[in-house]
Amino acid sequence: MTSLTNKDKATVKAFWAKMAGKADEVGAEALNRLVAVYPQTKTYFAHWKDVSPGSAPVKKHGITVMNGVADAVSKIDDMKGGLLTLSELHAFTLRVDPANFKLISHCILVVLAIMYPTEFTPEVHVSMDKFLAGLALALAEKYR
């Protein structure tokens, strides 16, 4: 993984500031895409009554995911240390395969590109991709 430069961090923070007001909508749509495009991820949500795209639990978890992304933006200088509790939760309690962090990252990028066609420039795309890869790595920290 390529590390985030100071320019990447500034780009991520600036873009996040623009889209933070719609983070819940981004998260809901990203989770909708995750369960539709990668149906194997539904196994982690078998306890929900409805795991179909657009369902209330899917939307709600999308919001939860984006709250975690917001937390990561605020801890961008030390995501591994700052997200240790979240990493432990996913590794030991939820037992999520860390490959799924890359899948949801991809879905988030797709939704951002759709919702922000002008603002999601190639520069923003690269920085957000690197940031989400770093977030996925930080979440996978306790799997080692």
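As a reminder, the structure under discussion sits directly above these lines.
Residues numbered from 1 in each chain as written. Predicted model: local features only at pLDDT ≥ 70, side-chain atom pairs only at ≥ 80, totals over all residues. Heavy atoms only, no water.

Draft legend 1. Up close: the overall build of the protein chain. Within the protein chain, the regular secondary structure consists of 7 helices and 0 strands. Over its C-alpha trace the protein chain gives a radius of gyration of 14 Å, about what one expects of a compact globule, namely 15 Å for 144 residues. For the C-alpha atoms alone, the extent of the protein chain along its principal axes is close to 45 × 35 × 20 Å. Expressed as a percentage of its 144 residues, the buried residues of the protein chain come to 42%. Accessible area of the protein chain: about 7700 Å², with a carbon and sulfur share of 57%. (Helix = DSSP H or I, 4+ residues; strand = E, 2+ residues; numbered from the N terminus. Rg over C-alpha atoms; globule rule 2.2 N^0.38 Å. Buried < 20%, exposed > 50% of the residue type's maximum accessible area, 1.4 Å probe, protein only. Areas by Shrake-Rupley, 256 points an atom, 1.4 Å probe, with all protein chains shown as cover.)

Draft legend 2. Molecular detail of helix 2 (residues 23-37). A rise of 1.5 Å per residue sets the reference length of helix 2, with its 15 residues, at 21 Å; its end C-alpha atoms lie 21 Å apart and thus fit the reference within 8%. Within helix 2, burial applies to Ala23, Val26, Gly27, Ala28, Ala30, Leu31, Asn32, Leu34 and Val35. Residues of helix 2 that are buried in the fold lie against helix 1 (6-19), helix 3 (56-74) and helix 6 (99-115). (Expected span 1.5 Å × (residues − 1). Contact = heavy atoms within 4.5 Å.)

Draft legend 3. Representation of the nonpolar core in the model. Of all hydrophobic cores here, the largest spans 42 residues; its most connected members are Met19, Leu112, Met128 and Phe131. Elements supplying a minimum of two residues to this core: helix 1, helix 2, helix 3, helix 6 and helix 7 (122-139). Those residues within four positions of Phe131 in sequence are excluded, and the remaining contacts are Leu4, Val12, Val69, Ala72, Val73, Ile76 and Met79. (Core = buried A, V, L, I, M, F, W, Y, C linked by side-chain atoms within 4.5 Å.)

Draft legend 4. Inspection of the packing of helix 1 against helix 7 at higher detail. Where helix 1 contacts helix 7, the axes come no closer than 9 Å and their chain directions differ by 100°. Considered as vectors, helix 1 and helix 7 are oriented roughly perpendicular to each other. Across from Lys7, Asp8, Thr11, Val12 and Phe15 in helix 1, the residues of helix 7 making contact are Glu123, Val124, Ser127, Met128, Lys130 and Phe131. Across the contact of helix 1 with helix 7, the residue classes break down as 5 nonpolar, 2 polar and 4 charged. (Axes fitted to C-alpha atoms, helices over the stretch in contact; angles between N-to-C directions. Parallel < 35°, antiparallel > 145°, perpendicular 65-115°, else oblique. Nonpolar A, V, L, I, M, F, W, Y, C, P; charged D, E, K, R; others polar.)

Draft legend 5. Structural detail: the packing of helix 1 against helix 3. Contact geometry for helix 1 and helix 3: axes closest at 11 Å, N-to-C directions at 140°. With respect to each other, helix 1 and helix 3 are oriented oblique. The crossing of helix 1 and helix 3 is left-handed. Across the interface between the two elements, Val12, Lys13, Trp16 and Met19 from helix 1 touch Met66, Val69, Ala70 and Val73 from helix 3. Looking at the contact of helix 1 with helix 3, its residues break down into 7 nonpolar, no polar and 1 charged. (Left-handed = near helix turned anticlockwise from the far one by under 90°.)

Draft legend 6. Local environment of the pattern of salt bridges. Using the criterion set out here, one finds 6 salt bridges in the structure. One salt bridge in this structure joins Asp77 and Lys9, with 2.9 Å as the shortest N-O distance. Pair noted here: Asp77 is in the loop between helix 3 and helix 4 (79-82) and Lys9 is in helix 1, with a separation of 68 residues, a long-range link. The exposure class assigned to Asp77 is exposed, which follows from its relative accessible area of 58%. (Salt bridge = Lys/Arg side-chain N within 4 Å of Asp/Glu carboxyl O.)

Draft legend 7. Inspection of the environment of Thr11 at higher detail. Within the element layout of this structure, Thr11 appears in helix 1. Here the alpha-carbon distance between Thr11 and Glu123, two residues 112 residues apart in the chain, equals 8.0 Å.

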